[in-house]
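Each chain, written out:
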Amino acid sequence: MEPRLHAMELLSNSMAAYAHVRANPESFGLYFVLGICMGLLITLGLLVLRRSCPPRPPHSDSSDDDGDDDDEEEEEDTIDRVASESLLPSTELPAESPGALNVFASAEELARAQRLEERERILREI
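An unreviewed UniProt entry lists the protein chain under the name EVA1B protein, from Nothocercus julius. Looking at the protein chain in UniProt, the text filed under Subcellular location (unreviewed entry) is "Membrane". UniProt annotates the protein chain under Sequence similarities (unreviewed entry) with the comment "Belongs to the EVA1 family."

J.: In this structure, what is going on with a nonpolar patch on the surface? I would like to understand it.
T.: Together, F28, F32, V33, I36 and L40 line one region of the surface with nonpolar side chains, adding up to about 510 Å² of accessible area. Within the element layout of this structure, F28 appears in helix α2 (residues 25-52). Judged by relative accessible area, which is 45%, F28 ranks as partly exposed.

J.: Quick question: what am I supposed to make of the UniProt feature "transmembrane region" (unreviewed entry) in the protein chain here?
T.: When the UniProt feature table is mapped to this numbering, "transmembrane region" (unreviewed entry) covers residues 28-49. Helix makes up 100% of residues 28-49 and strand makes up 0%, while its end C-alpha atoms are separated by 32 Å.

J.: Mind showing me how you'd approach the packing of aromatic side chains here?
T.: Note on aromatic pairs: each is described by the distance of the centres and the angle between the planes. This model, assessed by the stated rule, comprises one aromatic pair. When the ring of F28 is compared with that of F32, the centres are 6.4 Å apart and the planes differ by 25°; the resulting orientation is stacked. Separated by four residues within a single helix, F28 and F32 lie in helix α2, roughly one turn from each other. Residue F32 is classed as exposed on the basis of its relative accessible area, which comes to 52%.

J.: Looking at this model, I keep getting lost on the confidence of the model for the protein chain. Mind explaining?
T.: Reading predicted coordinates in detail is not appropriate for stretches of low pLDDT. Mean pLDDT for the protein chain: 75, with 62% of residues reaching 70 or above. Mean pLDDT across the elements of the protein chain bottoms out in helix α3 (residues 67-85) (55) and peaks in α2 (94).

J.: Explain the pattern of salt bridges to me, please; I cannot follow it from the model alone.
T.: It is possible for side chains of opposite charge to pair when their charged atoms get near one another. Counted under the stated rule, the structure contains two salt bridges. With its nearest N and O atoms 2.2 Å apart, the salt bridge here joins R121 to E118. Note that R121 and E118 are positioned in helix α4 (residues 107-125) at a spacing of three residues, about one turn of the helix. On the basis of relative accessible area, R121 is assigned to the partly exposed category, the value being 34%. For E118, a relative accessible area of 36% puts it in the partly exposed group. One salt bridge in this structure joins E125 and R121, with 2.3 Å as the shortest N-O distance. Of this pair, E125 and R121 both sit in helix α4, separated by four residues, roughly a single helical turn. Counted as one network, the salt bridges with shared partners bring together E118, R121 and E125.

J.: What is the right way to look at helix α1 (residues 2-23) in this model?
T.: Helix length check: α1, at 22 residues, gives a terminal C-alpha distance of 32 Å against a target of 32 Å (1.5 Å per residue), a fit within 8%. Among the 22 residues in α1, zero count as buried, and that is only a small part of the element.

About the criteria used
Residue positions are given per chain, counting from 1 as you read along its sequence in written order. For a predicted model such as this one, the threshold for reporting local features is a pLDDT of at least 70, and the threshold for listing and counting side-chain atom pairs is 80 or more; totals across whole chains, interfaces and linings nevertheless cover every residue. Here the side-chain values reflect all heavy atoms present in the structure, with hydrogen atoms and water set aside. UniProt positions are given in the numbering used here, feature names are shortened, and annotations may be inferred rather than shown by experiment. Residues enter patches when their relative accessible area tops 30% and they take part in no salt bridge; the joining distance is 9 Å for like charges and 5 Å for the nonpolar side chains Val, Leu, Ile, Met, Phe, Trp and Tyr. To be clear on the numbers: accessible area is Shrake-Rupley with a 1.4 Å probe, and residue cover counts the displayed protein chains and nothing else. One speaks of a salt bridge when a side-chain nitrogen belonging to Lys or Arg is within 4 Å of a carboxyl oxygen belonging to Asp or Glu. Here a strand is any run of E in DSSP of at least two residues, a helix any run of H or I of at least four, and the numbering for each starts at the N terminus. Burial classes: relative accessible area under 20% of the type maximum marks a residue as buried, over 50% as exposed, and values in between as partly exposed (1.4 Å probe, protein chains only). Two aromatic rings, drawn from Phe, Tyr or Trp (for Trp, its six-membered ring), form a pair once their centres lie within 6.5 Å of each other, and the interplanar angle then sorts them: stacked below 30 degrees, edge-to-face above 60, tilted otherwise. On a range of 0 to 100, pLDDT expresses the predictor's confidence in each residue. Expected helix span is given by 1.5 Å per residue-to-residue step, counting one fewer step than there are residues.

Okay, here's the thing in structure tokens:
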């Protein structure tokens, strides 16, 4: 008897809600638009929060007993990262000669170029 009573209550509430919406379409439209706006504002806030808070670099504790598992996980993470970044355009850096000029404007650009070169070498080895 309980499921039938619950079903009747649900049907009754649904009919009452439909009757209210039919009687007041403006308020239904207002609440619908307010719900959409609130969802968009929450989404915008989360996007701003994600953009303003950079992800934390993974830390490794040297006191872990299961260091072998961490090494395997780090290696898999590195391979995944390298594979995802392999879609970036690759540039070959010429071998350094004694009279070569440093064409990079900053140490960050030089370090980034060296990391890219190292990743390309790893990908070739794989």
